[in-house]
Amino acid sequence: MTVTAVAVKLGERGYQVLVGPGARRELTGLLPPSAERAVVVTQASVPVEVHTGLPTRVVNIAEWEAAKSLATVDSCCRVFAAAGLTRSDVVVAVGGGLVTDVAGLAAALWHRGTPVVHVATTLLAQIDAAIGGKAGVNLPEGKNLVGAFWQPCGVICDTETLASLPAAEWRSGRGELAKYAFLGVENLDRLSLEEQVVACVTCKAEVVAADERERGRRMVLNYGHTLAHALEGAGLAGEPGGTATRRVLRHGEAVAVGLVFAAHLARALGRIDDARVRRHEELVASYDLPSRLPPGAEVEELIAYMGRDKKSQHDLTFVLDGPAGVEAVGGVEPALVARVLEELRSEALP
Ligand code: GLY
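Residue positions are given per chain, counted from 1 along the sequence in the order it is written. Only residues with pLDDT of 70 or above have their local features reported here, since the model is predicted, and side-chain atom pairs are shown and tallied only from 80 upward, although totals for entire chains, interfaces and linings are computed over all residues. Note: side-chain values were computed over all heavy atoms of the structure, leaving out hydrogens and water.

## Considering the site of the ligand
Right, so step 1: We define proximity as follows: a residue is near a molecule or strand when any one of its heavy atoms falls within 4 Å of that partner. For the ligand, the full set of nearby residues is Asp128, Lys134, Lys204, Glu214, Arg218 and Leu221.
Right, so step 2: Between a nitrogen atom of the ligand and a side-chain N or O atom of aspartate 128, the distance comes to 3.1 Å.
Right, so step 3: For the purposes of these results, a polar contact is taken to be a pair of N or O atoms within 3.5 Å, where, inside protein, one atom must be able to donate a hydrogen and its partner to accept one; residues adjacent in sequence count only when each atom of the pair is a side-chain atom. Contacts to the ligand include lysine 204, whose side-chain N or O atom sits 2.6 Å from an oxygen atom.
Right, so step 4: The fraction of the free accessible surface of the ligand (200 Å²) that becomes covered by protein chains is 87%.
Right, so step 5: Looking at the shell around the ligand residue by residue, the classes come out as one nonpolar, no polar and five charged. Shrake-Rupley sampling with a 1.4 Å probe provides the accessible areas, and residues are treated as covered by the protein chains on show and by no other component. Polar here means any residue other than Ala, Val, Leu, Ile, Met, Phe, Trp, Tyr, Cys and Pro, which are nonpolar, and Asp, Glu, Lys and Arg, which are charged; Gly is therefore polar.

## Considerations on the packing of aromatic side chains
Right, so step 1: Here the aromatic set is Phe, Tyr and Trp, taking the six-membered ring for Trp, and pairing holds for ring centres within 6.5 Å; pairs whose planes are under 30 degrees apart are stacked, those over 60 apart are edge-to-face, and all others are tilted. Here the structure, examined in full by the defined rule, presents three aromatic pairs.
Right, so step 2: Placement of a charge over a ring requires the Lys NZ or Arg CZ to be within 6 Å of the ring centre, with the centre-to-atom vector within 35 degrees of the ring normal. Above the ring of tyrosine 180, the side-chain terminus of lysine 179 is found at 4.9 Å from the ring centroid.
Right, so step 3: Sitting over the face of the ring of tyrosine 305, arginine 308 holds its NZ or CZ atom 4.7 Å from the ring centroid.

## Description of the packing of helix α7 (residues 251-268) against helix α8 (residues 274-286)
A pair of packed helices is characterised by two quantities: the angle between their axes and the separation of those axes.
Right, so step 1: Relative orientation of the contacting elements α7 and α8 amounts to 175 degrees, with a least axis distance of 9 Å. When the axis of α7 is compared with that of α8, the two are roughly antiparallel. Side by side, α7 and α8 meet where Ala256, Leu259, Val260, Ala263, His264 and Arg267 of the first sit next to Asp274, Val277, His280, Glu281 and Val284 of the second.
Right, so step 2: Its residues assigned to classes, the contact of α7 with α8 shows six nonpolar, two polar and three charged. Axis definition: a line fitted to C-alpha atoms, over the contacting stretch in the case of helices. Angles run 0 to 180 degrees between N-to-C directions. Each helix corresponds to a stretch of at least 4 residues labelled H or I by DSSP, and each strand to a stretch of at least 2 residues labelled E; elements are numbered beginning at the N terminus. Every angle not falling under 35 degrees, over 145, or within 65 to 115 is termed oblique; those three ranges are roughly parallel, roughly antiparallel and roughly perpendicular. Throughout, a residue-residue contact means that at least one pair of heavy atoms, one from each residue, lies within 4.5 Å.

## Quick notes on the packing of helix α4 (residues 167-181) against α7
Right, so step 1: One can describe the packing of α4 onto α7 by two numbers: an axis separation of 6 Å at closest approach and a directional angle of 35 degrees. Crossing geometry of α4 relative to α7 is assigned as left-handed. Counted together, Arg171, Ser172, Gly175, Glu176, Ala178 and Lys179 of α4 and His251, Gly252, Glu253, Val255 and Leu259 of α7 form the full contact between these two elements.
Right, so step 2: Per-class residue counts for the contact of α4 with α7 are three nonpolar, four polar and four charged. By definition, turning the near helix anticlockwise from the far helix through less than a right angle yields a left-handed crossing, and turning it clockwise yields a right-handed one.

## Remarks on the pattern of salt bridges
Right, so step 1: One speaks of a salt bridge when a side-chain nitrogen belonging to Lys or Arg is within 4 Å of a carboxyl oxygen belonging to Asp or Glu. If you walk through the whole model with that rule in mind, you get 20 salt bridges.
Right, so step 2: For arginine 250, the salt bridge goes to glutamate 169, with nearest N and O atoms at 3.0 Å. Linking arginine 250 in the loop between α6 (225-233) and α7 with glutamate 169 in helix α4, this pair joins segments that are 81 residues apart in sequence.
Right, so step 3: Relative accessibility under 20% of the residue-type maximum defines a buried residue, over 50% an exposed one, and the middle range a partly exposed one, all with a 1.4 Å probe and only protein chains included. Of the residues examined, arginine 250 reaches a relative accessible area of 9% and is grouped as buried.
Right, so step 4: The salt bridge partner of aspartate 274 is arginine 267, with a shortest N-O separation of 3.1 Å.
Right, so step 5: A residue is classified by how much of its surface remains accessible, and aspartate 274, at 45% relative accessible area, is partly exposed.
Right, so step 6: Within this structure, Arg24, Arg25, Asp158 and Glu160 form a network of salt bridges that share partners.

Printed below as a string of structure tokens:
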């Protein structure tokens, strides 16, 4: 398969996402013509080299979730200063979602906005994190609390870079893949890896183009995430090196549990039938992902975190499947949520 270009149609902030084996070799074509120098933000563990064709400085940020911080953004900006990076130059992020978030936010802040190109090297970053312009870091008080919408000027999803991805990263990425199956991306299992990435990127590009700032439709990309974020808040899920002291699930695994929970909740609200719930269960199982609450999950605690979800407005709001497809549904009764969560406690993790 050759490289496929998917357009994110956002007018003057629009850009191309290049997907396919070897796509990283097309990086220079995505750099802004004004750029005379570049800073590459990456991590020592990322085994991917890129060639910008420009005088380039490389900054290796620390590994693991604790590096997703304002302190790391600060250290990137100090390197930009040392490199003499101007607003017409370019930042190139090479890595997974942590790198694209940190570099994206640093680029958004440097000189009040400097171009950034993301070279996404994990499945999760290729199908989700690197596309759509969300850039954020964590505070001790919570994940992604400080951030900006800063669209990249191009994204590269080189599927060759996935060859060296550790098994745990694949599992986490598969949780996001499963999400897209319910957002209208059909027959993912019959597609090659490259075709799967293209299909998910195309879906995300269309949603982002319709609702860049998440005022409505973009919330569908949070399908499965309300419970996932609550599990992360409760310290039961998250990325390695974060604050999740009781962590048993990676982000994508928590999304998988969240998808099944959302299906059970949608059925309890009369929005979908048993067959559709089964479809969720089967799809998640086919990706070898968990579908039940991890040990130690407290229903009241999870509901408290769900009430603080950014979709919620003084009530419990979920993204749920239904006759018109997946959409945000507000005003869900806490007692019903508690009952459905109890349903998902009954079986052990696969
Ligand atoms: N990851 C969800 C979004 O980009 O909106």
